[in-house]
Amino acid sequence: MSENTNRPRPRRTFSAFGDVRKMPSEYEIVTQGQNWTMRQNRSAAFEQNPSSPANLWFLTYRDQSPLQAEDWEQFREPDSLTYRMYVNAQSESESKIHGVLEEFALLGADKTFAPGWVELLGALYTPSRYAVHGFQQIEAYIGYLAPTSYITNPAGLSTADFLRRVTTTAYRTRELQVAHPDSGIGTDQERTHWQSCAGWQGTRKAVEEALVTYDWGEAFTALNLVLLPTLDDVLTRQFGEVALANGDNLSWLLQSFLDADNQRRNRWSQAVATFAIDQKPASRGAIERWVAKWSPVADEAAATLGTLLETLPESPRSADDVLAGARAARAAFTGSVLGDADKASA
């Protein structure tokens, strides 16, 4: 027997991925092991006293969260996005949005809107950036506390999506202010709507309560599995459809473009939940409890927003229909996570 016969085969790829025989993808290479607070053989998240406030925070709200998996490093998000891929894709999408904005600006489309629709834009659309900025902060927290960089990265990109949505809304706010200077759009009236208008108080309550939900698993469930699937249906799909009915083709187009970000977030959020349930069946019970807790909050938010779509535009949509559509969208999504649409919608 030759000496070469007994020689162990050399590894053909990177040892950080274990004893694997395939070349890791670019996505895996730039993502694997990037969450330093989850390093091997750690005694605490940070290299400081284990009883320090930062370490106790991560211990309490991440390591001891009811949402668990055997090995979070095995999770892969469906789109396998790297930062480079994300920037390239969003650059192309932004070019489309800017092209549409320029085309409609040249047509002077904003000046053709009926009074009721202008009022709705100032009461619902332009103040929505307050809500979306709240979503952005919650998503950033979820990514910061996540137990693996394979979740931190898509959460970070979704945080950037919300910023993109805020800036697009802010750009439209200025355009509408120029076209309708006496409407109150682009003034402190929008903050007043957010803080005092009855139509926004359900959403404001939901955002503020989610902002002080510290367990990362509950924050993830509250925002990504319950509130956003519900409110995206109202603020993106249904608002876009009502905009089209009221002759505002631009708002419909913009919401359609931005909905691609919502759908990508839904894909990785669904994947996180199903991964946890597959690896740790007890995680199902935690998600079900949180869905049951936050669904009434989401319903209240959708119902109050529905009153604006019912009372302001010339071609309205009833608040009951708005709520029914939002609940159906959420039930379909949570049902796809839990495998039981009827139970998820209860």
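Anyway, here's the lowdown on the structure attached to this text. (Residues numbered from 1 in each chain as written. Predicted model: local features only at pLDDT ≥ 70, side-chain atom pairs only at ≥ 80, totals over all residues. Heavy atoms only, no water.)

1. Quick word on a nonpolar patch on the surface
Residues W57, L211, V212 and Y214 make up a contiguous nonpolar surface patch of about 330 Å² in total accessible area. If you trace the backbone, L211 turns up in helix α8 (residues 198-211). Judged by relative accessible area, which is 35%, L211 ranks as partly exposed. (Patch = residues over 30% accessible without salt bridge, like charges linked within 9 Å, V, L, I, M, F, W, Y side chains within 5 Å. Areas by Shrake-Rupley, 256 points an atom, 1.4 Å probe, with all protein chains shown as cover. Salt bridge = Lys/Arg side-chain N within 4 Å of Asp/Glu carboxyl O. Helix = DSSP H or I, 4+ residues; strand = E, 2+ residues; numbered from the N terminus. Buried < 20%, exposed > 50% of the residue type's maximum accessible area, 1.4 Å probe, protein only.)

2. Section: unusual backbone geometry
Not every positive phi belongs to a glycine, and N41 is a case in point at roughly 60 degrees. Along the chain, the position of N41 falls in the loop between α1 (26-31) and α2 (53-63). Judged by its relative accessible area of 80%, N41 is exposed. Despite not being glycine, S80 shows a phi value in the positive range, around 50 degrees.

3. Quick word on the packing of aromatic side chains
In this structure the tally under the stated criterion is 16 aromatic pairs. Plain terms: the ring middles of W117 and F239 are 5.6 Å apart, the flat faces sit at 15 degrees to each other, and that makes the pair stacked. Taken together, the positions of W117 in helix α4 (residues 115-125) and F239 in helix α9 (residues 216-245) put the pair 122 residues apart, joining distant regions of the chain. Exposure remark for W117: the relative accessible area of 0% places this residue in the buried category. Among the residues examined, F239 registers a relative accessible area of 1% and is labelled buried. Plain terms: the ring middles of W216 and F220 are 6.0 Å apart, the flat faces sit at 40 degrees to each other, and that makes the pair tilted. Taken together, the residues W216 and F220, both in helix α9 and four residues apart, mark about one turn of the helix. A single burial state applies to W216 and to F220, both of which are buried. Each residue in the set W72, F75, W216, F220, W268 and F275 is aromatic and connected to the rest through ring pairs, giving one cluster. Sitting over the ring of W36, R39 keeps its end group 4.1 Å from the ring centre. One cation-aromatic arrangement involves R76 over Y150; the distance from NZ or CZ to the ring centre is 4.1 Å. (Phe/Tyr/Trp six-rings, centres within 6.5 Å; stacked < 30°, edge-to-face > 60°. Lys NZ or Arg CZ within 6 Å of the ring centre and 35° of its normal.)

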